[in-house]
Amino acid sequence: MIDRSNYFQTLIKDVMDNSESEYWEDAVTEWEIVDVKEDERLEESCICGKEHLRYLFTIKNQLNGNELYPIGSSCIKKFERDDLKHLVDVREQLFKLLHAVEDNQYLQLSSEFFSRKLLRYLLDIGAFEPNQWNNYNPENDYRFMLDMFNKRTRTDKQNKKATAIILGSIKPFLQMELAGKIKK
């Protein structure tokens, strides 16, 4: 069994072997997250050797096209890049939100299911549908949801509109986007 200090050493070796740069600080800037899957059975192991991963990320080197898979979120965070940490957090939140949808949980606009980062990411990936209620501009729904997320109290009408956006746009989008990325 590999001890904790060896996990990081194995990660460094794998990243460096697949990078153009000879220095860790530069090599980590070459990589981007290109995909993530969820393994509910926790059967996969990270490239570092850590076992029982739930979230299986694929990262790709933007200079040479090399890919590393599976890599766990804690290893990606060792790259010490805020943009990658942000993506890891948001992608994990997406799966948690999808599971709440699948379990028919009552979804409301709260920090239990959403964050400002997640709302922005949902806009960026097209989860807000253009329709007559948002004047065919998805950003209107995003702005509404962000405003409501930031409020301490909301009217019943505001809560109903937020729920309609969740059920009418976000839920179907998540079902289409993520359902095929869960290994059961």
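In short, a report on the structure. Treat the numbers as computed from the prediction; the structure is a model and nothing was measured.

### Comments concerning the overall build of the chain
Within the chain, the regular secondary structure consists of 7 helices and 6 strands. When the helices and strands of the chain are placed in sequence order, the string is α-α-β-β-β-β-β-α-α-α-α-α-β. With the C-alpha coordinates of the chain rotated into their principal frame, the extents come out at 55 × 30 × 30 Å. A buried classification covers 43% of the 184 residues belonging to the chain. Carbon and sulfur atoms make up 46% of the accessible area of the chain, which totals about 10,600 Å².

### Focus: helix α4 (residues 82-102)
Its 21 residues give α4 an end-to-end C-alpha distance of 30 Å, which sits within 8% of 30 Å, the value for a rise of 1.5 Å per residue. Asn-104 sits one or two residues past α4 and shows a positive phi near 55 degrees.

### As for the packing of aromatic side chains
The description of two aromatic rings rests on the distance between their centres and on the angle between their planes. Across all of its chains, the model carries 4 aromatic pairs by this definition. Look at Phe-8 and Trp-24: their rings are 6.0 Å apart centre to centre, the planes differ by 85 degrees, and that puts the pair in the edge-to-face class. Residue Phe-8 is found in helix α1 (residues 4-17), and its partner Trp-24 is found in helix α2 (residues 24-27); the two are separated by 16 residues along the sequence. When the ring of Trp-24 is compared with that of Phe-79, the centres are 5.5 Å apart and the planes differ by 70 degrees; the resulting orientation is edge-to-face. With Trp-24 in helix α2 and Phe-79 in the loop between α3 (73-77) and α4, this residue pair connects regions lying 55 residues apart in the sequence. The ring of Phe-144 carries the charged tip of Lys-161 above its face, separated from the ring centre by 4.3 Å.

### Describing the pairing of strand β5 (residues 67-71)
Looking at chain direction, strand β4 (residues 55-61) and β5 are connected through 3 bridges and run antiparallel. For Lys-60, the partnering residue across the bridge sits in β5 and is Glu-67. Connecting the antiparallel pair β4 and β5 is a turn made up of 5 residues, with Gly-65 showing a positive phi of about 80 degrees.

### A closer look at unusual backbone geometry
A cis amide bond links Tyr-69 with the next residue in sequence, Pro-70, at an omega value of -15 degrees. Inspection of the secondary structure assignment puts Pro-70 in strand β5. Of note in the backbone geometry, His-52 takes a positive phi value of approximately 65 degrees without being a glycine. Checked against the element boundaries, His-52 lands in strand β3 (residues 51-53). Backbone geometry places Asn-135, a non-glycine residue, at a positive phi of 55 degrees. By the element assignment, Asn-135 lies in the loop between α5 (116-124) and α6 (138-150).

Cut-offs applied
Residues numbered from 1 in each chain as written. Predicted model: local features only at pLDDT ≥ 70, side-chain atom pairs only at ≥ 80, totals over all residues. Heavy atoms only, no water. Helix = DSSP H or I, 4+ residues; strand = E, 2+ residues; numbered from the N terminus. Buried < 20%, exposed > 50% of the residue type's maximum accessible area, 1.4 Å probe, protein only. Areas by Shrake-Rupley, 256 points an atom, 1.4 Å probe, with all protein chains shown as cover. Expected span 1.5 Å × (residues − 1). Phe/Tyr/Trp six-rings, centres within 6.5 Å; stacked < 30°, edge-to-face > 60°. Lys NZ or Arg CZ within 6 Å of the ring centre and 35° of its normal. Pairing = 2+ DSSP bridges.

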